[in-house]
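Spelled out, the chains give:
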Amino acid sequence: MQRGGCEPQLHLLCDPSSSRAYRIPRSTSMAHPVLDPELAAAVGPYTNEEPARLPTVEEARAYFENYVTAPFKEYMKASLPPASTYSVQDRTIPVEGGEIVVRCLVPVVGDEQETFPVLVNLHGGGWTVGSIELDDYPLRKLCVELKLSVVNVEYRLAPEYPFPTAVMDGLAALRWVVTNAALLRADLKKGFLVGGHSAGANLAAVLAHETLLDPFFRDTPGRRLTGQLIREPVIVHPDAVPAELKPQMTSLAENRYVPPLGGAMVEHLIRIYAPVPTDPRFSPLLYAPEVRAKAPPAFIQGMGCDPLRDDARAYTRALGEAGVRHRYIEYPGFSHGFHYNYPGLSAGAKVRADVVQGIQWLLGRESVLDGLV
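As the structure is a prediction and not an experimental result, all values here were calculated from the model.

Looking only at helices and strands, one finds twelve helices and nine strands in the protein. Its C-alpha atoms give the protein a radius of gyration of 19 Å, within 12% of the compact-globule value 21 Å for 373 residues. Split into buried and exposed, the 373 residues of the protein put 57% on the buried side. By sequence separation, contacts in the protein at least 24 residues apart represent 79% of the contacts at least 6 residues apart.

Here it is as C-alpha cells:
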C-alpha cells in the first residue's frame, strides 16, 4: 500500500497481554493532511472551506443511496459467491414501538447438522442514512468464506427515530439472535460477534457494553458477545471528550475538510441523531472502567486522515488500559469510508481483506493478526 504523509506511522497495535509496550502516535502539528497518492487522484482537488449549506435529510439519503450504496453494490457484485452456497432471508422482528427487518445469511454446506458462529452487523450512515443494502454483498462473501451466519440489521433512522432508538433496535436484534439461534444454524459458543462501520461501529461498541449490563445477556451462560468488529467508529461526542484526552483528540479539526466525510457533516449528523453527549449509549468511551474491563475482544480499524481517527485511537487505548484483548490497524493517508466511495482502490481491497483477518482473529481461528506486536 502506498503511504501518505498524513500521520506518523506505524499504527498496528496488539493487545495488552503482550510483553512489548504498544503505542499510538500522537499528532505533531495541525498541518494540512496529505492523502495517499492513489486516493488523492480519485478525490481530486478540494478546499479547506466550510460547506455553504449542509444537506437536508432527504438530500443526504438520496445522495448516499445513489452515489455510495448503489455503486458500491455494483462493484462488489463480481465477488459474490454462488447463490447455492448460502441462503438469504429477510425477517421481521418486533422492537419497541414497531418492527424492523433483519437480513439473515446462512452458509449452505453438505452437513445439515453443522452450526456456525454468528455476526450481527450494523450499517454506517450517520444514524440517518443508509440501509442493509450497503454491506449486503460483502457480508454474503464473508458468510461463505468464513462459514459464518450473518444478521444484518435495518435499525430505524433519525430524525424520525432519534437517539437511543438505534441502540434499542440493536439490542432487540441481539436478543432475537439468541432466541433464534437454531433458525440461523448458529452456535453462539463458536462466536457471537457484533460489528459495524462508522455510526454502525458506534452502535456495535455501545452494544458490546450494554449487553454486559443487560440481565438477558449477562445472567445466562452462553449469551454474552465474544467479539466486536469496530470500523472507523464514533466513540465520544465532541462535547463530552474528557479533559485529559482533549490534547489527543485533534483529528476532527485536523481532517475537517478531507473528503468524503468532513467534520461539518459529522457534527450535522450527530445533531440529527440528537444524543445526550455524556450518555455512554452514544459515547461508549464513557462507560465505567469496571464495565469496559469485561468487554469482549475487539478488532478496530481507523483511517489516518479521518475526522474520527482519534475516536478509533481513544477506544483502542481505553480497551488496552482495561486489559481487553484487541488489535488495531490504522491506514495512513486514507479518509473516512473511502473504501465505499472508491472501492476499486487497492487500499480498499486491503481494508476489506483486513476485516476478514480481524473476524478470523475474533473467532480464535488462524489469522495474520496472531502474534503481531
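Next, the rest of the story.
Geometrically, the link from phenylalanine 163 to proline 164 is a cis peptide bond, its omega value of 5° lying close to zero. The omega angle of the peptide bond from proline 259 to proline 260 is 5°, so this bond is cis rather than trans. Counting through the fold element by element, proline 260 comes out in the loop between helix H7 (251-254) and helix H8 (263-273). One non-glycine residue, tryptophan 127, adopts positive backbone phi at about 60°. Residue classification places tryptophan 127 among the buried positions, given a relative accessible area of 3%.

Counting buried residues in strand E6 (residues 192-197) gives six out of six residues, a clear majority hidden from the surface. Bridge count for strand E4 (residues 118-122) against E6 is five bridges, and the pairing is parallel. Its bridge partner lying in E6, asparagine 121 is registered against glycine 195. Where E6 meets strand E7 (residues 227-231), five bridges bridge the pair, whose relative direction is parallel. Bridge assignment links glycine 196 to a residue of E7, and that residue is isoleucine 230.

Now for the packing of helix H4 (residues 165-179) against helix H5 (residues 199-213). Here H4 crosses H5 at 60°, and the two axes come no closer than 10 Å. One way to sum up the angle between H4 and H5 is to call them oblique. Seen from above, H4 lies across H5 with right-handed handedness. In this structure, H4 uses Ala166, Val167, Gly170, Leu171 and Leu174 to contact H5, whose residues at the interface are Leu203, Val206, Leu207, Glu210 and Thr211.

Time to look at helix H2 (residues 57-76). Here H2 contains 20 residues, and its C-alpha end-to-end distance of 26 Å stays within 8% of the 28 Å for a straight helix at 1.5 Å per residue. The sharpest bend along H2 measures roughly 35° and falls at glutamate 65. The complete set of buried residues in H2 reads Val57, Ala60, Phe64, Val68, Thr69, Phe72, Lys73 and Met76. Packing partners of the buried residues in H2 comprise helix H3 (136-145), H8, helix H11 (338-341) and helix H12 (346-362).

Right, let's talk about the environment of serine 198 for a bit. In this structure, serine 198 sits in the loop between E6 and H5. When the C-alpha atoms of serine 198 and glycine 262 are compared, they prove to be 13 Å apart, with 64 residues separating the residues in sequence. With residues near it in sequence (within four places) discarded, serine 198 still touches Gly124, Arg231, Glu232, Pro233, Val234 and His336.

Attention shifts here to the packing of H2 against H3. One way to put it is that H2 packs onto H3 with a least axis distance of 8 Å and a crossing angle of 35°. Residue-level inspection shows Phe72, Lys73 and Met76 of H2 in contact with H3, the latter providing Asp136, Tyr137 and Pro138. The residue inventory of the contact of H2 with H3, partitioned by class, reads four nonpolar, no polar and two charged.

The next thing to look at is the packing of aromatic side chains. All chains considered together, the criterion is met by eight aromatic pairs. A centroid spacing of 5.3 Å and a plane angle of 50° characterise the contact between tryptophan 127 and phenylalanine 282, whose relative ring orientation is tilted. Of this pair, tryptophan 127 sits in the loop between E4 and H3 while phenylalanine 282 sits in the loop between H8 and helix H9 (289-292), placing them 155 residues apart in sequence. Judged on exposure class, the residue tryptophan 127 and its partner phenylalanine 282 are both buried. Sitting above the plane of the tyrosine 161 ring, arginine 156 keeps its charged end 5.0 Å from the centroid. The side chain of arginine 223 reaches across the aromatic face of phenylalanine 216, ending 4.2 Å from its centre.

Summed over the entire model, instances satisfying the criterion amount to 23 salt bridges. Linking aspartate 310 and arginine 309 is a salt bridge whose minimum nitrogen-to-oxygen distance equals 2.8 Å. With relative accessibility at 1%, the residue aspartate 310 sits in the buried group. Connected via shared salt-bridge partners are Lys73, Asp90, Arg103, Glu133, Asp136 and Arg140.

Here we come to the pairing of strand E8 (residues 298-303). Across the six residues that make up E8, a large majority, six, are buried. Where burial is concerned, the two faces of E8 agree: the one with Ala298, Ile300 and Gly302 and the one with Phe299, Gln301 and Met303 are both buried. In this sheet, E8 lies alongside E7 in parallel orientation, the contact comprising four bridges. Across the sheet, residue glutamine 228 finds its bridge partner in E8, namely alanine 298.

Definitions and limits used
- Residues numbered from 1 in each chain as written.
- Predicted model: local features only at pLDDT ≥ 70, side-chain atom pairs only at ≥ 80, totals over all residues.
- Heavy atoms only, no water.
- Helix = DSSP H or I, 4+ residues; strand = E, 2+ residues; numbered from the N terminus.
- Rg over C-alpha atoms; globule rule 2.2 N^0.38 Å.
- Buried < 20%, exposed > 50% of the residue type's maximum accessible area, 1.4 Å probe, protein only.
- Contact = heavy atoms within 4.5 Å.
- Pairing = 2+ DSSP bridges.
- Axes fitted to C-alpha atoms, helices over the stretch in contact; angles between N-to-C directions.
- Parallel < 35°, antiparallel > 145°, perpendicular 65-115°, else oblique.
- Left-handed = near helix turned anticlockwise from the far one by under 90°.
- Expected span 1.5 Å × (residues − 1).
- Bend = angle between axes of the 7 residues up to and from the residue.
- Nonpolar A, V, L, I, M, F, W, Y, C, P; charged D, E, K, R; others polar.
- Phe/Tyr/Trp six-rings, centres within 6.5 Å; stacked < 30°, edge-to-face > 60°.
- Lys NZ or Arg CZ within 6 Å of the ring centre and 35° of its normal.
- Salt bridge = Lys/Arg side-chain N within 4 Å of Asp/Glu carboxyl O.

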